[in-house]
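Understanding the architecture of this molecule
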There are 2 protein chains.
Amino acid sequence: MALIAPSKRVRRTPFSPGVEAAGVSAYTVYNRTLLPAYFQSLEADYAHLKRHVQIWDVACERQIELCGPDARALLQLLTPRDLGNMRTDRCFYVPMVDASGGMLNDPVVLSIGPDRFWVSIADSDLMLWIKGIATALHMNVSVHEANAAPLAVQGPRANALMARLFGEAVTTLPFFGLGQVRFEGQDLWVARSGFSKQGGFEIYVEGDRVAMPLWGALMAAGADLEVRAGCPNTIERVESGLLSYGNDMTMADTPFHCGLGRFVNMAGLDRCLGGDALRKELQADPTRMIRPLAIQGHMPTCDRAWPVVTETGDPVGQVTSAAWSPDFKETVAIAMLDRAVWAPDTRLRVQTQDGSAEGSVRDTFWN
Amino acid sequence: MALIAPSKRVRRTPFSPGVEAAGVSAYTVYNRTLLPAYFQSLEADYAHLKRHVQIWDVACERQIELCGPDARALLQLLTPRDLGNMRTDRCFYVPMVDASGGMLNDPVVLSIGPDRFWVSIADSDLMLWIKGIATALHMNVSVHEANAAPLAVQGPRANALMARLFGEAVTTLPFFGLGQVRFEGQDLWVARSGFSKQGGFEIYVEGDRVAMPLWGALMAAGADLEVRAGCPNTIERVESGLLSYGNDMTMADTPFHCGLGRFVNMAGLDRCLGGDALRKELQADPTRMIRPLAIQGHMPTCDRAWPVVTETGDPVGQVTSAAWSPDFKETVAIAMLDRAVWAPDTRLRVQTQDGSAEGSVRDTFWN
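Residues numbered from 1 in each chain as written. Chains lettered and ligands numbered in written order. Predicted model: local features only at pLDDT ≥ 70, side-chain atom pairs only at ≥ 80, totals over all residues. Heavy atoms only, no water.

1. A closer look at the pairing of strand S20 (residues 330–338) of chain A
Residues and elements named next belong to chain A. Let me state the cut-off plainly: Each residue is assigned to one of three classes by its accessible area relative to the maximum for its type, calculated with a 1.4 Å probe on protein chains only: buried under 20%, partly exposed between the two thresholds, exposed over 50%. Only DSSP runs of H or I reaching four residues or more are called helices, and only runs of E reaching two or more are called strands; each is numbered from the N terminus. When DSSP finds at least two bridges between two strands, those strands are taken to pair.
In terms of burial, S20 is a largely internal element, eight of the nine residues being buried. Where strand S17 (residues 288–295) lies against S20, eight bridges are found, and the strand directions are antiparallel. Bridging across to S20, Met289 finds its partner in Leu337. In the sheet, strand S19 (residues 315–325) pairs with S20 via eight bridges, with the strands oriented antiparallel. Across the sheet, Ser325 pairs through a bridge with Glu330, a residue of S20. The antiparallel hairpin formed by S19 and S20 contains four residues in its connecting segment, where Lys329 sits at a positive phi of about 55°.

This is the structure we're talking about:
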């Protein structure tokens, strides 16, 4: 494997000193920002995440701030989800689409003040899309990247660790609940959320002043909980069916293809720029959709789409993410598959860069 | 140094098999695509580039295709450069700005047919900005990423190598001239351009069919010219003053700050979305600008902005790219500096992550 070459263009984060001190082994780049990929190894990190608690530098989830009288109307142009019932004490998962209904990003939106929102983005420069529309329509709204960096606390012991630092109250946050905690005199937004299904929180750290102190305080408070530096883990996220924009969904897929049809509402479609395109799809069943696929044996690294064919060789889709699962003793995979092969236990062939393997469609993801 | 973790999201290119076979040592990520950073070492690659000829996988320079009756009008909204005299036999360097005049990208535009353009982008998802504007204004234009991957042939022996494969005619292309060559039955756009000042070409390869055959043919034809796989080289590009979007310029900088004022025309400003903002700047002299800076001795890797201060400690700018130059025996750097310190030989202090060093403003870049 090759090294990653440092440059200013691939941005460090306020937590980079902590990540480096913890001995990061590999990075990926996400929103032009460094994101750790593993520390000890993918499998050792995975085993630890499922039992203990980890601190993740996910500053690469950049916060696009929309602020101004037209902020809410602008947001509604971007998504087929009706934002009429968006609450200030909840995160909101908001698939965003282009005029063809193609997925541009699948951010979480935080309502952090009157006419003020943070759009916590997956891996695409969604700000440019939002700014382009706001500029062309002369909307009264400022669109910029906030100086805010999420730090995730993930794992079954996340409640215990957070309670030590912030008191028991934070552990009463419901899933996707949004609140605030105070650290060294600064109020920080905190949500029960994160890119694993092991439970946990994301703390949105504004500015640099408290970033490394917070990292250090969490590490110190969790020493006997076996807290470690970690990062989103490919094995765990595939087991959990957590989709990754750029891997499992792209601009070529609509929310229906991505299994996100429940976030498409008639009230949203009426105002969304992709409304007309998606309304047509609403009337037909989707032709392809993301499905879990179990593959027998170890596979090479899934660094490209793997074609999926039937046992008679007909192309029926592609695998977009895959990893060997130590717990389930098979390769767990996310695949975009044609409707004809959705039935659980359908046997398929997966064509990797190193040869083909046998796969079987599952009804549900593993976690 | 850490490894780079492969995933589908960080895209491979049609030339990746060639890059891997040539023993790439480090990558960066550019437009969510793998870009080699060095093969042997930064310094060995540099010495070779300046004497021989290299083949570069620069597929990460994605081609955003604008096609349709409104394509030219849309392009003119994006840039303060007047596109009225854009020719079909020339590449066109087109700084693109937001409504505040901030740089969003500095692509090269190729006019490849009636109402059909390729915008060959630097590192930002400029397509989302263009699509956002086209969508909001209901323009009659298609905006999408073309399936086209540039392959660069760079170095003093580039003419010799290209002539062997395509005949002498290609060597008569002037700088930024645009033409076509034919390879295995396919016509390919070719320009005299590239991200070095050692001379050379960029060949725009559509589809996958001829990509690796072309790579192989160039390698075979250039064996006695000591052809090698290479990539944009940080040392050479800093010596040459070739600016890198994301490193040396960002959305916070206008074309004037980037020394690109000569691409701002009154006719362009009249139609550009950033016209009003830039017209104001046109009347005043820029307060800061990119300057070459020589630093004594070896520096750490420039993976973040380095503050620059006067000898009395006043902040006057930042270094955005730097590398030790074996030829000039000093660290060559690109800095964004306040007007007060532009005079050649002004002595400044550069604050790196490992301590400070002495720098001196230069009148011109090194190459």
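2. Notes on the relation of the copies chain A and chain B
Think of it as a corkscrew move, a rotation about one axis and a shift along it, taking one chain copy to the other. What counts, and what does not: Only residues with pLDDT of at least 70 in both copies count here: their C-alpha atoms drive the least-squares fit that superposes the copies. Residue contacts are counted whenever heavy atoms from the two residues lie within 4.5 Å of one another.
Rotating chain A by 180° about the axis while translating it 0.0 Å along that axis superimposes it on chain B, leaving an RMSD of 0.0 Å. What the rotation and shift describe, once combined, is the action of a two-fold rotation axis. Minimal C-alpha distance to the rotation axis in chain A is attained by Leu3(A), lying at 2.0 Å. Of the interface residues in chain A, 100% have counterparts in chain B that sit at the interface too, so the contact is made through matching surfaces.

3. What to know about the pattern of salt bridges
How we decide: When a carboxyl oxygen of Asp or Glu is within 4 Å of a side-chain nitrogen of Lys or Arg, the pair counts as a salt bridge.
Scanning all chains against the criterion turns up 48 salt bridges over all chains. With a shortest N-O distance of 2.9 Å, Arg182(A) and Asp187(A) are connected by a salt bridge. Given the relative accessible area of 52%, Arg182(A) is considered exposed. The residue Glu20(B) makes a salt bridge to Arg12(B) at a minimum N-O spacing of 2.5 Å. Beyond isolated ion pairs, a larger network of salt bridges with shared partners links Arg9(A), Arg32(A), Asp123(A), Asp125(A), Arg9(B), Arg32(B), Asp123(B) and Asp125(B).

4. Points about the sheet that holds strand S17 (residues 288–295) of chain B
Sheet strands associate in pairs through backbone hydrogen bonding, adopting either a parallel or an antiparallel arrangement. As a reminder of what qualifies: An axis is simply a line fitted to the C-alpha atoms; with a helix, the fit covers only the stretch in contact. Between two such axes, the angle follows the N-to-C directions and lies from 0 to 180 degrees.
Taking strand neighbours around the barrel as the criterion, the six strands line up as S17-S20-S19-S18-S21-S22 (chain B) in a closed arrangement whose pairing is antiparallel. With strand direction ignored, the average angle separating the axes of adjacent strands in the sheet is 40°.

5. Points about the interface of chain A and chain B
Rules: Buried area is a sum: the accessible area each of two parts loses on coming together, probed at 1.4 Å, counted once for each and added. Pairs of N or O atoms are called polar contacts if they sit within 3.5 Å, as long as, within protein, a hydrogen donor faces a hydrogen acceptor (for residues adjacent in sequence, only side-chain-to-side-chain pairs). In this count, Pro and Cys sit with the nonpolar residues alongside Ala, Val, Leu, Ile, Met, Phe, Trp and Tyr, while Asp, Glu, Lys and Arg are called charged and the others, Gly among them, polar.
With 52 residues of chain A at the interface, the matching set in chain B holds 52 residues. Broken down residue by residue, the surface that chain A buries against chain B is led by Leu3(A), Lys8(A) and Arg9(A), which jointly contribute 19%. The interface formed by chain A and chain B holds ten salt bridges in total. Note that Arg9(A) and Asp123(B) form a salt bridge whose closest N and O atoms lie 2.9 Å from each other. Where chain A packs against chain B, one counts 25 residue pairs in polar contact (both at pLDDT 80 or more). Elements represented by at least two residues in the side of chain A that touches chain B include exactly strand S1 (3–4), strand S2 (26–30), strand S3 (33–38), helix H4 (126–136) and S19 of chain A. For the side of chain A that touches chain B, the residue count by class is 28 nonpolar, 14 polar and ten charged.

6. Points about the confidence of the model for chain A
The line we're drawing: The predictor reports its confidence for every residue as pLDDT, a score running from 0 up to 100.
Residue-level pLDDT values for chain A average 97, and 100% of them are 70 or greater. The complex prediction reports pTM at 0.98, with the ipTM value standing at 0.97.

7. Section: the sheet that holds strand S16 (residues 228–230) of chain A
All names here are of chain A. An order of S13-S14-S15-S12-S4-S16 is seen for the six strands of this open sheet, with the pairing classed as mixed. In the strand order of this sheet, the two ends are held by strand S13 (178–183) and S16, each with one partner. For this sheet the average axis-to-axis angle between neighbouring strands, irrespective of direction, equals 30°. Here strand S14 (residues 186–191) pairs with strand S15 (residues 200–206) via three bridges, running antiparallel. The partner of Ala191 across the bridge, within S15, is Glu202. Those strands touched by helix H2 (residues 42–51) are strand S4 (54–57), strand S12 (148–154) and S16, and its axis lies near 120° from that of S4. Here helix H5 (residues 158–166) sits on the sheet in contact with S4, S12, S13, S14 and S15, set at roughly 40° to S15.

8. Details of H4(A)
All names here are of chain A. Burial within H4 is extensive, with eleven of its eleven residues counted as buried. If you check which residues of H4 are buried, you get Leu126, Met127, Leu128, Trp129, Ile130, Lys131, Gly132, Ile133, Ala134, Thr135 and Ala136. After H4 finishes, the residue His138 shows a positive phi value of roughly 50°.

9. Regarding the packing of helix H3 (residues 71–78) of chain A against H4(A)
Residues and elements named next belong to chain A. To keep it simple, the criterion reads: Working rule for handedness: look at the near helix, and if it is turned counterclockwise from the far one by less than a right angle, call the crossing left-handed; if clockwise, right-handed.
The N-to-C vectors of H3 and H4 enclose an angle of 115°; their axes lie 11 Å apart at closest approach. As H3 packs across H4, the resulting crossing turns out to be right-handed. Facing H3, whose interface residues are Leu74, Leu77 and Leu78, H4 presents Trp129, Ile130, Ile133 and Ala134.

10. Some thoughts on the environment of Arg9(A)
All names here are of chain A. You can see Arg9 is positioned in the loop between S1 and helix H1 (16–21). The class of Arg9 is buried, set by a relative accessible area of 7%. Placed 166 residues apart in sequence, Arg9 and Phe175 show a C-alpha to C-alpha distance of 35 Å.

11. A few points about the packing of H5(A) against helix H6 (residues 211–221) of chain A
Working note: a packed helix pair is described by the angle between its axes plus the distance between those axes. Residue and element names in this part refer to chain A. Contact geometry of H5 with H6 gives a least axis separation of 9 Å together with a crossing angle of 115°. Considering only the axes of H5 and H6, their crossing is right-handed. Touching Leu161, Arg164, Leu165 and Phe166 of H5 are Leu214, Ala217, Leu218 and Ala221, all from H6. A per-class count over the contact of H5 with H6 returns seven nonpolar, no polar and one charged.

12. As for H6(A)
As a reminder, the rule being used: Arc, as used here, means the arc of the directions from the helix axis to the C-beta atoms.
Within the sequence span of H6(A), burial applies to Ala211(A), Leu214(A), Trp215(A), Ala217(A), Leu218(A) and Ala221(A). With its buried residues spanning 165° around the axis, H6(A) presents them on a single face.

13. Observations regarding the nonpolar core
We count it as follows: Side-chain atoms within 4.5 Å are what join buried Ala, Val, Leu, Ile, Met, Phe, Trp, Tyr and Cys residues into a set we call a nonpolar core.
Grouped together as the largest cluster of nonpolar side chains are 80 residues, with contacts concentrated most on Ile203(A) and Ile203(B). Every residue in contact with Ile203(A), bar those within four places of it in the chain, is listed here: Ala149(A), Pro150(A), Leu151(A), Val153(A), Met162(A), Phe166(A), Leu188(A), Trp189(A), Val190(A), Leu214(A) and Leu218(A). Counting residues in each nonpolar core, the second largest holds 56 residues, with Ala71(A), Leu77(A), Val109(A) and Leu77(B) among its members.

14. Considerations on the environment of Asp345(B)
All names here are of chain B. By the element assignment, Asp345 lies in the loop between strand S20 (330–338) and strand S21 (347–352). Of the residues examined, Asp345 reaches a relative accessible area of 59% and is grouped as exposed. Separated by 141 residues in sequence, Asp345 and Tyr204 place their C-alpha atoms 42 Å apart. Setting aside its immediate chain neighbours within four residues, Asp345 contacts Ser360 and Val361.

15. A word on the packing of aromatic side chains
Residues and elements named next belong to chain A. Here is the rule: For this analysis, a ring pair means two rings from Phe, Tyr or Trp (six-membered ring only for Trp) whose centres lie within 6.5 Å, classed as stacked if their planes differ by under 30 degrees, edge-to-face if by over 60, and tilted for the remaining angles. Counted as over-ring charges are cases with an Arg CZ or a Lys NZ within 6 Å of the ring centre that also lie within 35 degrees of the ring normal.
Under the defined criterion, the tally for this structure stands at ten aromatic pairs over all chains. Taking 6.2 Å as the distance between ring centres and 65° as the angle between the ring planes, the aromatic pair formed by Phe365 and Trp366 counts as edge-to-face. Its end group placed over the ring of Phe92, Arg81 keeps NZ or CZ at 3.7 Å from the ring centre.

16. Let's talk about unusual backbone geometry
If you check the backbone angles, Glu226(A) has positive phi at about 60° while not being a glycine. Its location among the elements puts Glu226(A) in the loop between H6 and S16. Residue classification places Glu226(A) among the partly exposed residues on the basis of a relative accessible area of 42%. Its identity is not glycine, yet Lys329(B) carries a phi of approximately 55°, on the positive side. On the secondary structure map, Lys329(B) appears in the loop between strand S19 (315–325) and S20. Since its relative accessible area comes to 60%, Lys329(B) is described here as exposed.

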